[in-house]
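# Summary of the model geometry
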Amino acid sequence: MEFATFADRAAAIEAEPADLEIIEHVRDLLEDAGGSEESSEPRTIEIVARFVQGRVFPAWDSTTLDIGPSACYAAIARAAGQNVDSDDVEDRLADVGEIGEVAASYEFGGQQGLDAFGAGNGSDDLTVREVYDDLVDLAATEGEGSEDRKIDILFGLFNQCSSDEARYLARLVLSEMRIGVGEGTVRDAIAAAFDVPEERVERALQVSNDYGEVAQVAREKGLEGLDAMDLEVGRPVQAMLAQAGTVTDALEEWEEVAVEWKYDGARIQLHHDPADNSSGGEIRVFSRNMEDVTDALPEVVEYAEETLEGPAILDGEVVAVDDAGEPLPFQEVLKRFRRKHDVEKAREDVAVRPVFFDCLHADGEDLLEEPLTTRHERLEGVLTDGEDRPEDVDGLSLLWLTDDPDEIESIDAEALESGHEGIMLKNPESTYSPGRRGKNWRKRKPDVETLDCVVTGAEWGEGRRATFLGTFELSVRNESTGELETVGKVATGITDEKLAELTELLEPHIAAEEGQEVEIEPAVVFEVGYEEIQSSPTYSSGYALRFPRFVAVRDDKETVDADTLERVERLQS
Ligand code: ATP
């Protein structure tokens, strides 16, 4: 396919406001992109399926052109002629605001180096493949003088371009294609072009993470070929993402909720392929954006070397830890995450450790279609030698299955107490959907508001906690009557250490006791978070806090400073 044809189509797509018509244009483009007799890899259809999204390489491939705007401006200026320099390009850019428009405003061709780089002005039938091949060369150019060499290559390309070709070449090079073609568009276009169902194209895209390959397979092998596509160890897939959500909704929608700690770190995907003898090695670590961050995270590599035997793809988080292994804030991970130089020195300053919560592939089997609980069992299998209890296994994120709100509260409190961000709520039945931010994974919404409540009662604990006060009754002030009115109880989820501290604080204020129940004279104010406030006959205020959770003791507040019933009423409405 000539690059001019691609540019024509891109221009038509850009001018088209309707999504359906855009899909048709992309479909035509894919259908026209070279016949199956083509021999060289990748096939033109693969290149076109990427170019149309503004990509040169597949999404899983971390290769970049590694060329900055100024080098691109220099190449455009050179191809545009002797009277043009980079300043001129930048001036025009300042005027029109978009590099494609600027590139299209010059006439190319006839510049020095023609012999080496071909005639100009779109006259010599530059092909999509030639553009691709040159961009691959450009990406591979490194070392001393590489910037000049890159400019040379680009100059050679621009020098062969017509206005329209130059417009889309410039945008492609600077990752600014922006013609309105998203991933869904290409998916639907592949389905339409080769008469295969969209959802099967989608599945193939999820496992391969490569629009080009999927287009090619759909054309050559149809549905059977698409269905046969699998995950490939060493090739990252997009991470499944989370929405914000509440415990209330999760419990209503699912019979049971899978609760996990939410680690405050950076997402990683670990690939382990014992059969891979390539120079890349058998262990690769990718970031959420599928960048290869293996070299920056030697602790993760060491962990994998010690722990993994068979082929596996694991999804998790890398967390910065202090000398005692306690988690450090997220900003500390960033210091390590993309570090390329002096990694050992950085490691001495801030150590990291991985925690894995999902397993996409184990021992030759893809697990994306398996329910979360099964994937988690496989994860345990991969990380343990079968003898350790899961809670003793380093690097394994625990999963609790429960329908008990109190248990969820206590997992949440424990997570916070251990220095983590809170909890994730997941649908135990859900499959793994790469790149999707669906309802099956929810990060618990942080409390929008907190209330400062007076502690007016408590209960003695049981068993191990018999000497601690727990389940604290919370009240707010009714300003018109001067009374304290109850709004709920914050029950569980506080560690023994914290309970001991709170018992010590409240014990002197015990006014009366009956069995385990204790009446507390108003003296101590708790700050509590909650999911929502409901009208309820259970408490004297007429309201109940849904999922209250202990945030802190407000030492700085007297009971007269606690929140009022009026505020509760206001917040509820
Ligand atoms: P966003 O995903 O919304 O762009 P973000 O990157 O800050 O924002 P959040 O949405 O806040 O992430 O939360 C999801 C992220 O939480 C995951 O991408 C992952 O990095 C992290 N995380 C920590 N623990 C878990 C867990 N147990 N399960 C899933 N994700 C977890």
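Residues numbered from 1 in each chain as written. Predicted model: local features only at pLDDT ≥ 70, side-chain atom pairs only at ≥ 80, totals over all residues.

## Let's talk about the overall build of the protein chain
The condition is simple: Helical segments are the DSSP runs of H or I of at least four residues, strand segments are the runs of E of at least two, and each set is numbered from the N terminus. Whether a residue is buried, exposed or partly exposed is read from the other C-beta atoms within 10 Å of its own C-beta, which are placed from the backbone; 20 or more gives buried, 12 or fewer gives exposed, and intermediate counts give partly exposed. Placing C-beta atoms from the backbone, we regard two residues as in contact once those atoms come within 7 Å.
Of the regular secondary structure elements, the protein chain holds 21 helices and 19 strands. Its C-alpha atoms give the protein chain principal-axis dimensions of roughly 100 × 55 × 50 Å. Relative to its full complement of 573 residues, the protein chain shows a buried share of 45%. A fraction of 68% describes how many contacts in the protein chain between residues 6 or more apart in sequence connect residues 24 or more apart.

## Focus: the site of the ligand
Defined as follows: In this analysis a residue is considered near a molecule or strand if the C-beta atom, reconstructed from its backbone, is found within 6 Å of that molecule or strand. Here the term charged refers only to Asp, Glu, Lys and Arg, the term nonpolar to Ala, Val, Leu, Ile, Met, Phe, Trp, Tyr, Cys and Pro, and the term polar to all other amino acids, Gly among them.
Near the ligand, the surroundings consist of 13 residues, among which A242, E260, Y263, R267 and F357 are the closest. Within the residue set of the shell around the ligand, elements represented by two or more residues are β1 (241-245) and β2 (257-262). At three residues, the largest contribution of residues to the shell around the ligand is made by β2. Taken together, the residues that form the shell around the ligand break down as seven nonpolar, one polar and five charged.

## A look at the sheet that holds strand β4 (residues 283-287)
Note the cut-off: In this scheme, strands are said to pair when DSSP sees at least two bridges between them. What counts as an axis is a line fitted to C-alpha atoms, over the stretch in contact for a helix, and the angles between N-to-C directions run from 0 to 180 degrees.
Strand order in the open sheet formed by five strands is β4-β3-β5-β6-β7, with antiparallel pairing between adjacent strands. A strand with exactly one partner marks an edge of an open sheet, and here the two such strands are β4 and β7 (365-366). Where strand β3 (residues 266-272) lies against β4, five bridges are found, and the strand directions are antiparallel. Its bridge partner being in β4, Q269 is matched across the sheet by F286. In this fold helix α16 (residues 330-337) packs onto β3, β4, β5 (312-321) and β6 (351-362), with an angle of close to 115° to the strand it touches most, β5.

## Thoughts on the pairing of β4
Among the five residues of β4, five are classified as buried, and the element is accordingly described as predominantly covered. Alternating residues of β4 divide into I283, V285 and S287 and R284 and F286, and every residue in both groups is buried.

## Focus: the UniProt feature "binding site: ATP" (unreviewed entry) in the protein chain
Put simply, the test is: UniProt positions are given in the numbering used here, feature names are shortened, and annotations may be inferred rather than shown by experiment.
Feature annotation in UniProt places "binding site: ATP" (unreviewed entry) on E260, R267, R288, E317, F357, R437 and K443, given in this structure's numbering. Within the secondary structure, R288 is located in the loop between β4 and α15 (298-307). Ignoring sequence-local partners within four residues, the contact set of R288 consists of A239 and R267. By the secondary structure assignment, F357 is in strand β6.

## Some points on helix α18 (residues 372-383)
Quick reminder of the rule: How far a helix is expected to stretch is found by multiplying one less than its residue total by 1.5 Å.
The end-to-end C-alpha separation of α18 is 16 Å, in line with the 16 Å expected for 12 residues at 1.5 Å each. Residues of α18 that are buried in the fold lie against β2, α15, β5, β6 and β9 (422-426).

## Focus: the UniProt feature "active site" (unreviewed entry) in the protein chain
UniProt's feature table lists "active site" (unreviewed entry) at K262, given in the numbering used throughout. Along the chain, K262 falls in strand β2. Apart from residues lying up to four places away in sequence, K262 is in contact with A415, H420, E421, G422, I423, M424 and K443.

## Focus: the domain arrangement of the protein chain
Just so we agree on the cut-off: Annotation comment: domain bounds sourced from an automatic or database domain assignment.
Here the domain parsing of the protein chain yields domain 1 (3-173), domain 2 (241-443) and domain 3 (449-572). Taking the mean C-alpha position of each, domain 1 and domain 2 sit 40 Å from one another.

## Comments concerning the environment of E519
By the element assignment, E519 lies in strand β15 (residues 517-520). Taking the C-alpha atoms as reference, E519 lies 9.0 Å from E473; in sequence the two are 46 residues apart. Look past the residues within four positions of E519 in its chain and what remains in contact with it is G457, A511 and A512.

## Description of the sheet that holds strand β10 (residues 437-444)
Strands sit in the order β1-β10-β9-β2-β8 across an open sheet of five strands; the sheet is mixed. The open sheet is flanked by β1 and β8 (400-402), the only strands paired with a single partner. Between one strand axis and the next, the sheet turns by 40° as a mean value, whatever way the strands run.

## Focus: helix α2 (residues 19-32)
Condition: When we speak of the arc, we mean the arc of directions from the helix axis to the C-beta atoms.
Taking 1.5 Å as the rise per residue, α2 with 14 residues should run 20 Å; its terminal C-alpha atoms sit 20 Å apart, in good agreement. Of all the positions in α2, only I22, I23, H25, V26, L29 and L30 are classed as buried. On an axial view of α2, the arc spanned by its buried residues comes to 160°, and they lie on one face. Against the buried residues of α2 lie α1 (3-15), α3 (44-51), α11 (183-194) and α13 (211-227).

## Regarding the pairing of strand β14 (residues 510-514)
Within β14, only zero of the five residues are buried, which leaves the element largely exposed. In this structure, β14 lies alongside β15, joined through four bridges in antiparallel fashion. What sits directly across from E514, in β15, is E517. Counted between consecutive antiparallel strands, the loop separating β14 from β15 contains two residues, among which G515 sits at a positive phi close to 60°.

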